[in-house]
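A closer look at the structure
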Amino acid sequence: MQIDVKLSPGGDFFEAEVDGKQAGRLDLIRRGAVIVYPHTEVNPEFEGNGVGAELVRTALDAARAEGAKVVPSCWFVKGWIDRHPDYADLVEGH
């Protein structure tokens, strides 16, 4: 299964597609040099296939590339960072 993740044209969410179908999204809010991730959603037919993880990894890699800090207010994003401590340095206040 190929998961393609891209930033929306407006820059306010990342969207995941699998075989051309919308599979999930991760919303974001920019506050200067800080990015808040308030919500992640995976369509039920794609749950358990790594879509959420790929959304989070892509969003955090993009934040790192631009030098931003993040606030993982979404429980899924926070849990993912907790399981991948190499991303903990991105969390604001860390």
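One can find the structure itself at the top, above this paragraph.
Starting from 1, residues in each chain are numbered consecutively following that chain's sequence as written. In keeping with the model being predicted, local features are shown solely for residues with a pLDDT of at least 70 and side-chain atom pairs are shown and tallied solely at 80 or more, while totals for entire chains, interfaces and linings include all residues. Only hydrogens and water are removed before side-chain values are computed, so all heavy atoms of the structure are retained for them.

Looking at the sheet that holds strand β4 (residues 34-42)
The line we're drawing: For two strands to be treated as a pair, DSSP must find at least two bridges joining them. In this text, helices come from DSSP runs of H or I with a minimum length of four residues, and strands from runs of E with a minimum of two, each type numbered from the N-terminal end. The convention used is that axes are lines fitted to C-alpha atoms, helices contributing only their stretch in contact, and that angles between N-to-C directions extend from 0 to 180 degrees. Working rule for contacts: check all heavy atoms of both residues, and any pair within 4.5 Å makes them a contact.
Taking strand neighbours across the sheet as the criterion, the five strands line up as β1-β2-β3-β4-β5 in an open arrangement whose pairing is mixed. The sheet is open, and its two edges are formed by β1 (3-7) and β5 (69-71), each paired on a single side. Adjacent strand axes in the sheet meet at a mean angle of 25° when their direction is disregarded. As defined by bridge partners, β4 adjoins β5 across three bridges and the pair is classed as parallel. If you follow Val34 over to β5, its bridge partner there is Lys69. Strands in contact with helix α1 (residues 51-66) are β1, β2 (13-18), β3 (21-31), β4 and β5; relative to β4, the strand with the most contacts, it is inclined by about 165°.

Examining the nonpolar core
What counts here: The term nonpolar core refers to a set of buried residues drawn from Ala, Val, Leu, Ile, Met, Phe, Trp, Tyr and Cys, joined through side-chain atoms within 4.5 Å. Partly exposed residues are those whose accessible area sits between 20% and 50% of the maximum for their type, while under 20% is buried and over 50% is exposed, using a 1.4 Å probe and protein chains only.
Within the largest apolar cluster, 27 residues are counted, with the highest numbers of intra-cluster contacts made by Leu26, Tyr37, Val51, Leu60, Val70 and Ile81. Mapped by element, the contributors of at least two residues to this core are β2, β3, β4, α1 and α2 (75-83). Here this core gets six residues from one element, more than from any other, and that element is α1. Residues within four places of Ile81 in sequence aside, it is in contact with Leu60, Val70, Pro72, Tyr87, Ala88 and Val91.

Quick word on the environment of Val18
The topology assignment puts Val18 in strand β2. Counting along the chain gives 33 residues from Val18 to Val51, while the straight-line C-alpha distance between them is 8.6 Å. The residues contacting Val18, other than those within four sequence positions of it, are Met1, Gln2, Ile3, Ala23, Phe46 and Val51.

Here's the deal with unusual backbone geometry
The phi dihedral of Asp19 is positive, around 50°, even though this residue is not glycine. In this fold, Asp19 is placed in the loop between β2 and β3. Judged by relative accessible area, Asp19 falls into the exposed class, the value being 70%.

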